[in-house]
Amino acid sequence: MVEAAKGVNPEALVFFQLYHSTDPRVVESFLRRAEQAGCAGVVLTVDTVQLGWRPRDLALGHLPFLKGQGLAIYLTDPAFLRALEEPLEGPALRPRPTLALLKNLLALRRTGRRFGLSLTQMQKAVRRFVATYSFPELSWEEVRRVREATSLPLLLKGLLHPEDVAKAVALGVDGVYVSNHGGRQVDGSIAALKALPLAVEAAEGKVPVLMDSGVRTGADAVKALALGAKAVGLGRPYVYALALKGEEGVGALLDHFLAEVELTLALMGVARLEELGPAWLQS
Ligand SMILES: Cc1cc2nc3c(=O)[nH]c(=O)nc-3n(C[C@H](O)[C@H](O)[C@H](O)COP(=O)(O)O)c2cc1C
């Protein structure tokens, strides 16, 4: 959660990634927590107002949230916890008693212990999360409200179309983050790198443009920087490194990545990042 993330490395620039909830009290509370934790900014992800069609997750029945995993920010949030006693719309769930259900309950109880929550509270928390997470109605008006609700710099993540970039800039965001969510949302979506040049043009130098999705090597990063990105993000690579060798693995990945960026620039004969531009990519 945001306090712990900032706590382990107080010197680092920590951004709080916000998924808008259908419960504005929870959004408000998350923003206060990000401010109080000393975050450098809020990244509002706008491309995942509901989960995309993910055949592998579906085939494996993989949705860790149902086990209470990946919900720390909610399970420690006063506004979310206060709302647990409020009734939710929809039919009461009466799942059949199966081995899978039993395993799930045990996982929920384990997670609950970490957060000082009972099994009943965990069940309510999972249900409330599922009921409030998807927000297909997310609109520019909501973005404006988030903009006004925090004093922190606001970045919008998940933009691809130059018109959206222009709208975001006009609305007063402090940065745009070009991303197709690592291709996890819309199958066959435009590649983020392909969308980048027009996004940079649309931002007109008024705010920084960041990008991710498909960045795997230092050379990939150099290409994105040459096309006008101010920074790139790594998604899966750090997760793979984490799975293989924990914190040490992530450290090694970043060392190698940065070394390759430097080496690529040196081989190009580029001394400073500011020298990069689209002309470097012309054949
Ligand atoms: C397992 C997984 C979970 C993710 N969860 C989030 C998330 O909670 N919020 C978000 O903004 N993006 C999330 N993303 C998307 C990443 O932030 C990023 O946009 C994407 O992974 C970049 O593409 P790459 O994996 O090709 O580097 C997730 C990606 C993966 C693979």
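Residues numbered from 1 in each chain as written. Predicted model: local features only at pLDDT ≥ 70, side-chain atom pairs only at ≥ 80, totals over all residues.

S.K.: Got a minute to help me understand the packing of helix α6 (residues 99-115) against helix α7 (residues 119-133) in this structure?
M.R.: Two numbers describe a pair of packed helices, the interaxial angle and the distance between the axes. The geometry of α6 relative to α7 is characterised by a closest axis approach of 9 Å and an angle of 105° between their N-to-C directions. In terms of orientation, α6 lies roughly perpendicular with respect to α7. Only L119, Q121, M122, Q123 and V126 of α7 make contact with α6, whose side of the interface consists of L105, L108, R109, T111 and G112. Classifying every residue of the contact of α6 with α7 by side-chain character gives five nonpolar, four polar and one charged. (Axes fitted to C-alpha atoms, helices over the stretch in contact; angles between N-to-C directions. Helix = DSSP H or I, 4+ residues; strand = E, 2+ residues; numbered from the N terminus. Parallel < 35°, antiparallel > 145°, perpendicular 65-115°, else oblique. Contact = placed C-beta atoms within 7 Å. Nonpolar A, V, L, I, M, F, W, Y, C, P; charged D, E, K, R; others polar.)

S.K.: Got a minute to help me understand the site of the ligand in this structure?
M.R.: Surveying the vicinity of the ligand reveals 14 residues, the closest of which are T45, G182, S213, G235 and R236. Of the residues assigned to the shell around the ligand, the class counts are two nonpolar, eight polar and four charged. (Near = placed C-beta within 6 Å.)

S.K.: In this structure, what is going on with helix α11 (residues 218-226)? I would like to understand it.
M.R.: Three or four residues apart is the spacing at which side chains of an α-helix point the same way, because the helix has 3.6 residues per turn. Of all the positions in α11, only A221, V222, K223, A224 and L225 are classed as buried. Just downstream of α11, G228 is the residue with a positive phi angle, here 110°. (Buried ≥ 20, exposed ≤ 12 C-beta atoms within 10 Å, placed from the backbone.)

S.K.: Could you clarify how one ought to interpret unusual backbone geometry in this entry?
M.R.: Negative phi is the rule for most residues except glycine; trans is the rule for most peptide bonds. Its identity as a non-glycine residue notwithstanding, H181 has a phi of 65°, on the positive side. If you trace the backbone, H181 turns up in the loop between β4 (175-178) and α10 (192-203). Given 19 C-beta atoms within a 10 Å radius, H181 is considered partly exposed. A positive phi is found at S213, a non-glycine position, where the angle reads about 100°. Its place among the elements puts S213 in the loop between β5 (209-211) and α11.

S.K.: How should I be thinking about the pairing of strand β3 (residues 154-159) in this particular structure?
M.R.: Strand residues, when the strand is regular, have side chains that alternate between the two faces of the sheet. β3 sits mainly inside the fold: six of its six residues count as buried. In this structure, strand β2 (residues 41-45) lies alongside β3, joined through four bridges in parallel fashion. In the strand pairing of β3, V42 is matched with L154. Relative to β4, β3 is paired through four bridges, and the arrangement is parallel. Pairing of L159 across the sheet is with V178, part of β4. For the handedness criterion, the β-α-β arrangement of β3, helix α9 (residues 162-171) and β4 is classed as right-handed. (Pairing = 2+ DSSP bridges. Right-handed = clockwise from strand over helix to strand, strands pointing away.)

S.K.: Is there a simple way to think about the pairing of β4 in this case?
M.R.: The two faces of β4 match: G175 and Y177 on one face and V176 and V178 on the other face are all buried. In terms of strand pairing, β4 meets β5 through three bridges, oriented parallel. Along β5, the bridge assignment pairs V176 with V209. A crossover connection joins β4 to the parallel β5 through α10; in handedness this β-α-β unit is right-handed.

S.K.: Where do I start with the sheet that holds β3 in this structure?
M.R.: In a beta sheet, neighbouring strands pair by backbone hydrogen bonds and run either parallel or antiparallel. Reading across from one edge, β1-β2-β3-β4-β5-β6 is the order of the six strands in this open sheet, with parallel pairing throughout. Since the sheet does not close on itself, it has two edges, and those belong to β1 (15-18) and β6 (231-232), each with one partner. Note that β1 and β2 share four bridges and pair parallel. Among the inter-strand pairings, Q17 is bridged to a residue of β2, identified as V43.

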